[in-house]
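Chain by chain, the residues:
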Amino acid sequence: MARLSSGPQRALRLVLAISAGAALGLAYEPYDLPWIAPLSVAALLVALRGTSMRAGFLVGSGFGIAWYAVLVPWLTVIGGDAAIALAVLEGLFYGVFGMLAGQALRIRGWLLWVPALWVATEFASASVPFGGFPWGRLAWAFAGSDFGLYAAWVGVAGVSFLVALLGALLTVATRTNPAAA
């Protein structure tokens, strides 16, 4: 696959990532549609497949900013600029994820590396700056569901890993060469 070389392909990847990010925001309260989470992760990974590191950063950032823009609108009580700033800040963490995951998708064992990168990204965004902002963990979308009960066994990070793994498995279905998984 091309490395995001053509304008239309670049635009399609970015639109897919932004749409997936906005959809992921709907997995959380007050919308409470957690089944969207693995689909959104899968769509992001499809958008990242075959990208360069720079393009992966752009695609991941678009995803993350759109996700947090839907996730934290309640922050406008403090000010609209605070909500925008937080969405951009948190989105950049997913830019780094996109940069690394786009490369990880090329290696053997990517089905485990990509969810591990997701959990590492959640850890980073939940830690930096000012003690972090952990609101966007995939596990939180499942807090009130039966799937969320797995947190008792594997913790919040484990549930996020499982959701990201499910999203990664869904991307296998989109590959033209199943042996490439």
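You'll find the structure just up there.
Residues numbered from 1 in each chain as written. Predicted model: local features only at pLDDT ≥ 70, side-chain atom pairs only at ≥ 80, totals over all residues. Heavy atoms only, no water.

**Things to note about helix 2 (residues 36-48)**
Threshold: What counts as a helix is a DSSP run of H or I of at least four residues, what counts as a strand is a run of E of at least two, and both are numbered from the N terminus. By this rule the span expected of a helix is its residue count minus one, scaled by 1.5 Å. Accessibility here uses a 1.4 Å probe with only protein chains present; expressed as a share of the type maximum, an area under 20% marks a residue as buried, one over 50% as exposed, and anything in between as partly exposed. The criterion used for residue contact is that any of the two residues' heavy atoms lie within 4.5 Å.
Here helix 2 contains 13 residues, and its C-alpha end-to-end distance of 18 Å stays within 8% of the 18 Å for a straight helix at 1.5 Å per residue. Burial analysis of helix 2 places eleven of its 13 residues in the buried class, which makes it a mostly covered element. Buried residues of helix 2: I36, A37, P38, S40, V41, A42, A43, L44, L45, A47 and L48, and no others. Looking at the buried side of helix 2, the elements it contacts are helix 1 (7-25), helix 3 (53-71), helix 4 (80-104), helix 5 (110-125) and helix 6 (151-172). Positive backbone phi, at 85 degrees, marks G50, one or two positions downstream of helix 2.

**With respect to helix 5**
Taking 1.5 Å of rise per residue, the 16 residues of helix 5 would be expected to cover 22 Å, and the 22 Å separating its terminal C-alpha atoms lies within 8% of that figure. The complete set of buried residues in helix 5 reads W110, L111, V114, P115, L117, W118, V119, T121, E122 and S125. Structurally, helix 5 contributes buried residues whose contacts are with helix 1, helix 2, helix 3, helix 4 and helix 6.

**Digging into a nonpolar patch on the surface**
We count it as follows: Like charges within 9 Å and nonpolar side chains (Val, Leu, Ile, Met, Phe, Trp, Tyr) within 5 Å are joined into patches, using only residues over 30% in relative accessible area that form no salt bridge. Accessible areas in this description were obtained via Shrake-Rupley with a 1.4 Å probe; residue shielding takes into account the shown protein chains only. Salt bridges, as used here, are contacts in which a Lys or Arg side-chain nitrogen is within 4 Å of a carboxyl oxygen on Asp or Glu.
Side chains of Y31, L33, W35, L39, L166, L169 and L170 sit close together on the surface and give an oily, nonpolar patch of about 650 Å² of accessible area. The element contributing the most residues to the nonpolar patch is helix 6, with three residues. Within the fold, L170 resides in helix 6.

**Notes on the packing of aromatic side chains**
Quick note on the threshold: Aromatic rings from Phe, Tyr and Trp, with only the six-membered ring used for Trp, were paired whenever their centres fell within 6.5 Å, and each pair was classed as stacked if the ring planes differed by under 30 degrees, edge-to-face if by over 60, and tilted otherwise.
Inspection of the entire model under this criterion finds 14 aromatic pairs. Ring geometry for F147 versus Y150: centroids 5.4 Å apart, planes at 70 degrees, classification edge-to-face. According to the relative accessible area criterion, F147 is partly exposed, its value standing at 26%. Residue Y150 is classed as partly exposed on the basis of its relative accessible area, which comes to 37%.

Just distances and angles here, no functional claims.
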